[in-house]
Amino acid sequence: MASAPATAGAPVRRLTVLYDAECSLCTHVRHWLLRQPRLVPLEPVPAGSDEARRRFPGLDHATTLDEVTAVGDAGQVYRGAAAWIVVLWALREHRPLAHRLSTPAGARLARGVVLAAAKWRGEQRRWGGNGYRRADGWAYEPGLGWMYIGPGCDDGTCATR
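Residues numbered from 1 in each chain as written. Predicted model: local features only at pLDDT ≥ 70, side-chain atom pairs only at ≥ 80, totals over all residues. Heavy atoms only, no water.

## What to know about the pairing of strand 1 (residues 15–19)
So the rule is basically this: Remark: exposure states derive from per-residue accessible area (1.4 Å probe, protein chains only) relative to the maximum for the residue type, with buried under 20%, exposed over 50%, and partly exposed in between. For the purposes of this entry, the term helix denotes a DSSP run of H or I that reaches at least four residues, the term strand denotes a run of E that reaches at least two, and both are numbered from the N terminus. Here the rule is simple: two strands pair whenever DSSP picks up at least two bridges between them. The definition of a right-handed crossover adopted here requires that, viewed with the strands pointing away, the path from the first strand over the helix to the second runs clockwise.
Counting buried positions over the 5 residues of strand 1 gives 5, a clear majority of the element. In strand 1, alternate side chains face the same way, and those of Leu15, Val17 and Tyr19 on one face and Thr16 and Leu18 on the other are all buried. As paired elements, strand 1 and strand 2 (residues 42–46) share 5 bridges and run parallel to each other. Within the sheet, the bridge partner assigned to Val17 lies in strand 2 and is Pro44. A crossover connection joins strand 1 to the parallel strand 2 through helix 1 (residues 24–35); in handedness this β-α-β unit is right-handed. The pairing of strand 1 with strand 3 (residues 69–72) spans 4 bridges and is antiparallel. Of the residues in strand 3, the one forming a bridge with Thr16 is Val71.

Okay, structure coming up:
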């Protein structure tokens, strides 16, 4: 797992998981993470948000929207497959899996999963232009999916584009 040289070897006692709040897969995983028993506290924060920028001014926030990123309490930064492995490590029921994924063979598998998720996200964006975006009037409701709630829909009549 990759961490900044100054924080190498520092214990991880808390993780912040930066996720794309505009991505249905990412928000689904966020909700799943919050339901899991944890050995290490996890806090999901929307990537690129004002909160993320305030907490982590040194991060490349555009990259955090493209690649899952986890930040440890001592400043450790994990990206991509390493981020998924450290997040699984924080979960009580998934720590053994994280240990298996941290081996060379397991890391290849973890990277494949992360690349597959990235490809799926890319296809979703391509299919809908930029996908469903809150700024365009869309909202994600767990169990229901994406719903258009833009201006003019309160009375059941929505303007089309």
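## Here we look at the packing of aromatic side chains
So the rule is basically this: Between 30 and 60 degrees the pair is tilted, below 30 it is stacked and above 60 it is edge-to-face, where a pair is any two Phe, Tyr or Trp rings, Trp via its six-membered ring, whose centres lie within 6.5 Å. By definition, being over a ring means that NZ of Lys or CZ of Arg is both within 6 Å of the ring centre and within 35 degrees of the ring normal.
Scanning all chains against the criterion turns up 0 aromatic pairs. Here Arg95 stacks its cationic end above the ring of Trp89, 4.0 Å away from the centre of that ring.

## Overview of the pattern of salt bridges
Definition in use: Criterion for a salt bridge: a side-chain nitrogen of Lys or Arg within 4 Å of a carboxyl oxygen of Asp or Glu.
By the definition in use, this model includes 3 salt bridges. The salt bridge partner of Glu51 is Arg55, with a shortest N-O separation of 2.6 Å. On the criterion of helical spacing, the pair formed by Glu51 and Arg55 is a turn pair, its members being 4 residues apart in helix 2 (residues 50–55). Judged by its relative accessible area of 30%, Glu51 falls in the partly exposed class. Owing to a relative accessible area of 28%, Arg55 belongs among the partly exposed residues under this scheme. Connected through shared salt-bridge partners, Glu43, Glu51, Arg54 and Arg55 make up one network.

## Section: the sheet that holds strand 3
Spelled out, the test is: Every axis corresponds to a line fitted to the C-alpha atoms, with the helix fit spanning only the stretch in contact, and the corresponding angles, defined between N-to-C directions, vary from 0 to 180 degrees. Residues count as neighbours in contact if any of their non-hydrogen atoms are within 4.5 Å of one another.
Strand order in this open sheet of 4 strands is 2-1-3-4, and the pairing throughout is mixed. One side of each edge strand has no neighbouring strand; the edge strands of this open sheet are strand 2 and strand 4 (77–79). Strand-to-strand, the axes of this sheet are offset by a mean angle of 25°, without reference to chain direction. The strands touched by helix 4 (residues 80–90) within the sheet are strand 1, strand 2, strand 3 and strand 4, with strand 4 carrying the most contacts at an inclination of about 115°.

## So, helix 1
What counts is decided by this rule: Multiplying 1.5 Å by the helix residue count minus one yields the expected span of that helix. Our arc is simply the arc of the directions from the helix axis toward the C-beta atoms.
Taking 1.5 Å per residue, 12 residues should reach 16 Å; helix 1 reaches 17 Å between its end C-alpha atoms and fits that length. For helix 1, the complete set of buried residues consists of Cys26, Thr27, Val29 and Leu33. What you see down the axis of helix 1 is that its buried residues fit within an arc of 160°, all on one side.

## Concerning the layout of surface pockets
The cut-off we apply is this: Points on a 1 Å grid, built from protein atoms alone, make a cavity when a 1.4 Å probe fits but cannot get out and make a pocket when they are open with protein on both sides within 12 Å along at least 5 of 7 lines; residues with an atom within 4 Å of a point are the lining residues. Grid points are joined across faces, edges and corners, and a volume is the space filled by probe spheres set on the points. Each residue is assigned to one class: nonpolar for Ala, Val, Leu, Ile, Met, Phe, Trp, Tyr, Cys and Pro, charged for Asp, Glu, Lys and Arg, and polar for all the others, Gly among them.
When its volume is computed, the largest pocket comes out at roughly 680 Å³. What lines the largest pocket is a set of 33 residues, among which Val29, Val68, Trp84, Val114 and Ala117 lie closest to the centre. No other element matches the 9 residues that helix 6 (residues 104–127) contributes to the lining of the largest pocket. Class assignment for the residues of the lining of the largest pocket results in 23 nonpolar, 4 polar and 6 charged.

## Notes on the environment of Trp32
Checked against the element boundaries, Trp32 lands in helix 1. Since its relative accessible area comes to 26%, Trp32 is described here as partly exposed.

## Things to note about helix 4
The buried count for helix 4 comes to 9 of 11 residues, which makes it a mostly enclosed element. Residues of helix 4 that are buried include every one of Gly80, Ala81, Ala82, Ala83, Ile85, Val86, Val87, Leu88 and Ala90, and no others.

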